[in-house]
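Understanding the architecture of this molecule
Each chain, letter by letter, is given below.
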Amino acid sequence: MSAYYQAARQLEYFKGRNETGPNTDALADALAIAQHHDAVSGTERQHVASDYALRLSMGYEEAERLVASALASLVNQRLSSYGVNPVTDIQQCPLLNISYCPPAEATLINGKSLVIVVYNPLAWKREDVIRIPVSTGQVFVQDFSGNKIESQILPLSNATLTMRKHYVRAYIGKAPGGDTLKSWLAFPVSVPPLGFSTYIVSSSKQSSHSSTISKIYISEGSTNKSIEVGKGNLKLLYSENEGRLTHYVNSRTLVTTSVEQSYSYYSGNDGTDKDPQASGAYVFRPNGSFSIKSDHQASFTVLRGPILDEVHQQLNPWVSQITRIFKAKEHAEIEFTVGPIPVDDDIGKEIITQFKTTMKTNKTFYTDSNGRDFIKRIRDFRTDWDLQVNQPIAGNYYPVNLGIYVQDSSMELSVLVDRSVGGSSLEDGQVELMLHRRLLHDDARGVGEVLNETVCVADKCEGLTIQGKLYLRIDHKGEAAKWRRTVGQELYSPLLLAFTEQDGDNWLHFSPSTFSGIDSSYSLPDNTALLTLQEFKNGKVLLRLAHLYEIGEDKNYSLTASVELKKLFPNKKINKVTEMSLSANQERAQMEKRKLDWKVEGSTEEPKVVRGGPVDPTKLVVELAPMEIRTFFIEFDPLQTVPVPENHVAM
């Protein structure tokens, strides 16, 4: 939701803030409340969690109206000069992650076409693949120049269909329409920085064009051969008789290594035997580890197509996963579905997945700190004191917000996450991530409730099912930081999709097919991110820029970066740039004057901290040193604001 909030603020700025229309203030307030330490960690009571969710939902609804209004305004600016009917109804799909999107699922009849507006909230050009649910496989995709875009139809897994049916009812109070929905439509998109591209999905019944239907291979589970999956540089090898991952091969980087993935669960301690501490919301106290084996061999299905290959695995009735290998990407995307966790045996369970290699990692692994620095962790060791190891599992768990990696003298295995989880490396060459927990005893640390989340539909309640994604990549040592930082930004700020319906090819063949909010020839350096772009009531614009790399993290990107403000704001004249504190509540110069001068015993020599220099009011270039975040208020000349020039629209 915070990523959606950032994109909404950007669009609010491009459209122009309207004090009487919808805005992002309610969502900002809800997100601020959700920064409470109990909300972040999940140690609040259930009715409080429900209140957080309600506030976020109300804030989202208003921000959704703002986004729809802003996108319609920007699209209509480009269509009006061609006499095309303006867009009036732009819809979004907040439940797309559970494959529910009514505008995409609508049957395209009477020559209607579905127009998809794809907005990129990052300040660099982005190539990606989007997937939307469709009610028929007889469709094809074009860009706005009328060029056919290669696309692929994939079937929805049984786990996805079950989750969609149950959770759409839980969220909106009625079953999803179109029970015939069976397919995803996947196709590649190219989107400019801080801008959007538009694509058209049409029925192929009256056309020779059509999306490619994925070829399905179902393992017999009786041979000893390997199955190779992947059309591009990355290939994963699976053993057919066991249906398990065995090898990772990248033909471009020449990385070939064995790797295995497995699922297990820890039984939660109940606090009644030798150890009186129960596992609960605050405390992770495992009492034994149990492997989750596949119940039957016919649970391994491979789908092949021109855009991506998929491997569908159903381990048991409540654990399944889909592994995607995109032709144009060099990492594997693993979508797991876990739940409802059974507790009929009166044992709480904490579900994990593990990736195992033969790497010699010397007890060492790395986890991120709030998505910024990666911190070195050593198993059963603390740098500041002699650690007495009483909890060899829980005592080595750390928060993972962005990712975790291990390395040896030659290889580096990285796993990125799409949500905050716990993670560790309990054996050399292994990475472990906690995916889901369902417990039956309170840990007596203050919450006063059992961590046993349920979802109720028509007075019938069952344990919570979750669906999330992990991203796996293996590189030569020292070559993975670029992927972790770039893909990490793309995971945090996903493409925003909006939909509208138009008559036939009424929109086709107009030259302004895409829009970028910055100079069309410019994008931020690869080591820099735009964190905030927000217009305030007084007309000032808040700009926050961040360097993504640590010192020494990458030989090419751990260098000082420069951002040209004139190209970030090409159609406005900048009057004044004022650097602020990180939270923008005081000028940086005033803040530094008030800093306390601490008296320190012993040596006072500290390493010199590198910072970007002051901003020259003529050149208007911002310097960013590694890991630096800089915040500015920018004031424009109201008399020198000009319309977006023709060459500012990407053609």
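Conventions used here
Residues numbered from 1 in each chain as written. Predicted model: local features only at pLDDT ≥ 70, side-chain atom pairs only at ≥ 80, totals over all residues. Heavy atoms only, no water. UniProt positions renumbered as here; feature names shortened; annotations may be inferred. Helix = DSSP H or I, 4+ residues; strand = E, 2+ residues; numbered from the N terminus. Pairing = 2+ DSSP bridges. Phe/Tyr/Trp six-rings, centres within 6.5 Å; stacked < 30°, edge-to-face > 60°. Buried < 20%, exposed > 50% of the residue type's maximum accessible area, 1.4 Å probe, protein only. Lys NZ or Arg CZ within 6 Å of the ring centre and 35° of its normal. 1 Å grid on protein atoms, 1.4 Å probe; cavity = no way out; pocket = protein on both sides within 12 Å on 5 of 7 lines; lining within 4 Å. Points joined across faces, edges and corners; volume = space filled by probe spheres on them. Axes fitted to C-alpha atoms, helices over the stretch in contact; angles between N-to-C directions. Salt bridge = Lys/Arg side-chain N within 4 Å of Asp/Glu carboxyl O.

What follows concerns the UniProt feature "domain: Glycoside hydrolase family 38 central" (unreviewed entry) in the protein chain. UniProt marks residues 2-56 with the feature "domain: Glycoside hydrolase family 38 central" (unreviewed entry), using the numbering shown here. The span residues 2-56 is 71% helix and 0% strand, and its two end C-alpha atoms sit 10 Å from each other.

Attention now goes to unusual backbone geometry. The omega torsion of the bond from Gly-339 to Pro-340 falls at -10°, within 30 degrees of zero and hence cis. Its place among the elements puts Pro-340 in the loop between strand E19 (332-338) and strand E20 (349-356). Not every positive phi belongs to a glycine, and Asp-346 is a case in point at roughly 65°. Its location among the elements puts Asp-346 in the loop between E19 and E20. Here Met-627, not a glycine, exhibits a phi torsion of approximately 65°, which is positive. Structurally, the position occupied by Met-627 is in the loop between strand E37 (621-624) and strand E38 (629-636).

An order of E2-E6-E5-E8 is seen for the four strands of this open sheet, with the pairing classed as mixed. Across the chains shown, the open sheet's two edge strands, defined by having one partner strand only, are strand E2 (126-134) and strand E8 (212-213). With two bridges joining them, strand E5 (residues 152-155) and E8 adopt parallel strand pairing. Each bridged residue has a counterpart across the sheet, and for Ile-153 the counterpart in E8 is Ile-213.

Here we take up the packing of aromatic side chains. Both the distance between ring centres and the angle between the ring planes are used here to describe each pair of aromatic rings. In this structure the tally under the stated criterion is 17 aromatic pairs. With a centroid separation of 5.4 Å and an interplanar angle of 35°, the aromatic rings of Phe-196 and Phe-515 are classed as tilted. Here the residue Phe-196 occupies a position in strand E7 (residues 195-203), and Phe-515 occupies one in strand E32 (residues 514-516), the gap between them amounting to 319 residues. The residues Phe-196 and Phe-515 share a single accessibility class, namely buried. Members of the aromatic cluster, connected to one another through ring pairs, are Tyr-13, Phe-14, Phe-196, Phe-515, Phe-569 and Phe-636. The cationic tip of Lys-540 hangs over the ring face of Phe-633; the distance from NZ or CZ to the ring centre is 5.5 Å. One Lys or Arg, Lys-572, reaches over the ring of Phe-636 and ends 5.0 Å from the middle of that ring.

The next point concerns empty space enclosed by the protein. Within this structure, the stated rule accounts for four cavities of 30 Å³ or more. Here the second largest cavity is characterised by a volume of approximately 60 Å³.

Here six strands make up an open sheet; going across it, the order is E15-E14-E20-E27-E26-E23 and the pairing antiparallel. The sheet is open, and its two edges are formed by strand E15 (286-292) and strand E23 (398-400), each paired on a single side. Across the sheet, the mean angle from the axis of one strand to that of its neighbour is 35°, orientation sign disregarded. With five bridges joining them, strand E14 (residues 260-268) and E15 adopt antiparallel strand pairing. The residue of E15 that forms the bridge with Ser-264 is Ser-291.

What follows concerns the pattern of salt bridges. One pass over the full model with this rule turns up 31 salt bridges. Where Glu-242 meets Arg-244, a salt bridge forms, and the shortest distance between an N and an O atom there is 2.3 Å. Taking the relative accessible area as the measure of exposure, Glu-242 reaches 46% and is therefore partly exposed. For the salt bridge of Arg-324 with Glu-335, the shortest nitrogen-to-oxygen distance reads 3.4 Å. Taken together, the residues span a long stretch of sequence, with Arg-324 in strand E18 (residues 319-326) and Glu-335 in strand E19 at a distance of 11 residues. For the pair shown, Arg-324 and Glu-335 are each scored as buried. Linked by salt bridges that have partners in common, Arg-131, Glu-310, Arg-324, Glu-333, Glu-335 and Lys-469 make up one network.

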